[in-house]
Amino acid sequence: MLARYNVPVTTGQPLPLLWLLSDARNDARLEDALARLPAGSGFVFRHYHLDDSARLDRFRTLARAAKARDHLVIVARGDERFAGADGTYGSPFAEAWRTGLFLATAHNADEIEAAETAGAGGIFLSPVFPSRSHPDGATLGSIGFNLLAQHTALPVIALGGMTPERADELGWPRWGAIDGLS
C-alpha cells in the first residue's frame, strides 16, 4: 500500500481533516457552519447557482468568515478576482484557472491518475455514499472507496453522503460534506 497524507499544501501543513463545501441548499447556514467547524478546517466555495457578481460578493463574505476561523479557503471555477483563496477545486481534466493548492475531484482510478498528473495537492474522492446531490447514482461504498484511496500517495478527502457517523463507519479521517456539516 502507498503512503498517504505526505503531500504538503502550500503552507507546509497537511490538509485539514474536515471540509465544508458550499451549495445553494446550504447557503443560508454557511456563516454558522463555518463558525462551528474546528479552527483550521477546509472550506470549498462552489455557489454555481449565482451569477458572476453575486457569486464574487458571496465569496468575499464567506472567505472573511472562514479566514476568521483560520480555515483553508478553496474556490471552484474562480479567476483572479477571487483573491484570498488559498487554492482551487475541480476536475483534473478541465482547463481552469488555478492558483495555490489545487484539489481535484475524482470518481475512479483514471481520474485519480489524472489528478496526480495535473499536480493536485489532494483529491476529493466521491461519491462514497448516496447523497442529496446524487440520491440514485452509483456509489463507491466503503470497500470501493478504500480500494481506490490506496492507489495514490495524495491526501484523499471522502465526499458524498458524508456525516460524522458515516466518517466513523468508513474509518477515514479526512472527509467533506455539504449537508452533513451545515
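Everything that follows concerns the structure shown earlier in this document.
Residues numbered from 1 in each chain as written. Predicted model: local features only at pLDDT ≥ 70, side-chain atom pairs only at ≥ 80, totals over all residues. Heavy atoms only, no water.

Engineer: Break down the overall build of the protein for me, citing the residues and quoting the values.
Structural biologist: A count of helical and extended segments in the protein gives five helices and eight strands. Ordering the α and β elements of the protein from the N terminus gives β-α-β-α-β-β-β-α-β-α-β-α-β. Computed over the C-alpha atoms, the radius of gyration of the protein is 15 Å, within 12% of the 16 Å expected from 2.2 N^0.38 for a compact globule of 182 residues. Projected onto its principal axes, the C-alpha positions of the protein cover 45 × 30 × 30 Å. Relative to its 182 residues, the protein shows a buried fraction of 49%. Long-range contacts, defined as pairs at least 24 residues apart, comprise 54% of the intrachain contacts of the protein with a sequence gap of at least 6. Put simply, the protein shows about 8,500 Å² of open surface, and 52% of that area lies on carbon and sulfur atoms. (Helix = DSSP H or I, 4+ residues; strand = E, 2+ residues; numbered from the N terminus. Rg over C-alpha atoms; globule rule 2.2 N^0.38 Å. Buried < 20%, exposed > 50% of the residue type's maximum accessible area, 1.4 Å probe, protein only. Contact = heavy atoms within 4.5 Å. Areas by Shrake-Rupley, 256 points an atom, 1.4 Å probe, with all protein chains shown as cover.)

Engineer: Got a sec to walk through the pairing of strand 2 (residues 42–45)? Specific residues and values, please.
Structural biologist: Burial along strand 2 is two-sided: the face carrying Gly42 and Val44 and the face carrying Phe43 and Phe45 are both buried. Two strands pair when backbone bridges link them, and strand 1 (residues 18–21) and strand 2 are joined in this way by three bridges, in the parallel orientation. If you follow leucine 20 over to strand 2, its bridge partner there is phenylalanine 43. The β-α-β motif built from strand 1, the intervening helix 1 (residues 30–36) and the parallel element strand 2 has right-handed crossover chirality. Bridge count between strand 2 and strand 3 (residues 72–76): four bridges; the pairing is parallel. Paired with phenylalanine 45 across the bridge in strand 3 is valine 75. (Pairing = 2+ DSSP bridges. Right-handed = clockwise from strand over helix to strand, strands pointing away.)

Engineer: Which residues make up helix 4 (residues 141–149), and what values do they have?
Structural biologist: All of the buried residues in helix 4 are Gly141, Phe145, Leu148 and Ala149. Along helix 4, the residues classed as buried sweep out an arc of 100 degrees about the axis, all on the same side. Where helix 4 is buried, its residues touch helix 3 (109–117), strand 6 (122–125), strand 7 (156–158) and helix 5 (164–170). (Arc of directions from axis to C-beta.)

Engineer: An account of the pattern of salt bridges is requested, with residue identities and associated values reported.
Structural biologist: Enumeration over the complete set of coordinates arrives at nine salt bridges. Ionic pairing is found between lysine 67 and aspartate 86, a salt bridge with its closest N-O pair at 2.6 Å. With lysine 67 in helix 2 (residues 52–68) and aspartate 86 in the loop between strand 3 and strand 4 (87–90), the pair connects residues that are 19 residues apart, well separated along the chain. Assessed through its relative accessible area of 36%, lysine 67 is described here as partly exposed. Connected via shared salt-bridge partners are Asp23, Arg25, Arg46, Arg132 and Asp179. (Salt bridge = Lys/Arg side-chain N within 4 Å of Asp/Glu carboxyl O.)

Engineer: Tell me about the nonpolar core, residues and numbers included.
Structural biologist: Core analysis: the biggest nonpolar cluster contains 40 residues, and Phe43, Leu125, Phe145 and Met162 have the highest contact counts within it. Here this core gets five residues from one element, more than from any other, and that element is helix 2. Discounting residues that sit within four places of it in the chain, phenylalanine 145 has contacts with Leu125, Val128, Leu140, Val156, Ala158, Leu170 and Trp172. One finds Leu15, Trp19, Ile74 and Phe124 within the second-largest nonpolar core, a separate group that totals 14 residues. (Core = buried A, V, L, I, M, F, W, Y, C linked by side-chain atoms within 4.5 Å.)

Engineer: Requested: an account of the environment of histidine 107, with residues and values cited.
Structural biologist: Looking at where histidine 107 falls in the secondary structure, it is placed in the loop between strand 5 (101–106) and helix 3. For histidine 107, a relative accessible area of 37% translates into the label partly exposed. Between the alpha carbons of histidine 107 and proline 38 there is a distance of 27 Å; along the sequence they are 69 residues apart. Apart from residues lying up to four places away in sequence, histidine 107 is in contact with Leu125, Ser126, Pro127, Leu140 and Leu148.

Engineer: Give a detailed account of the side chain of arginine 174, specifying residues and quantitative values.
Structural biologist: With respect to the helices and strands, arginine 174 occurs in the loop between helix 5 and strand 8 (175–177). No salt bridge is formed by the buried arginine 174; the nearest opposite charge belongs to glutamate 116, separated by 13 Å. Among the polar contacts listed, one links the side chain of arginine 174 to the backbone oxygen of leucine 15, at a separation of 3.0 Å. (Lys, Arg positive; Asp, Glu negative; His and termini not counted. Polar contact = N/O pair within 3.5 Å; in protein donor to acceptor, adjacent residues only side chain to side chain.)

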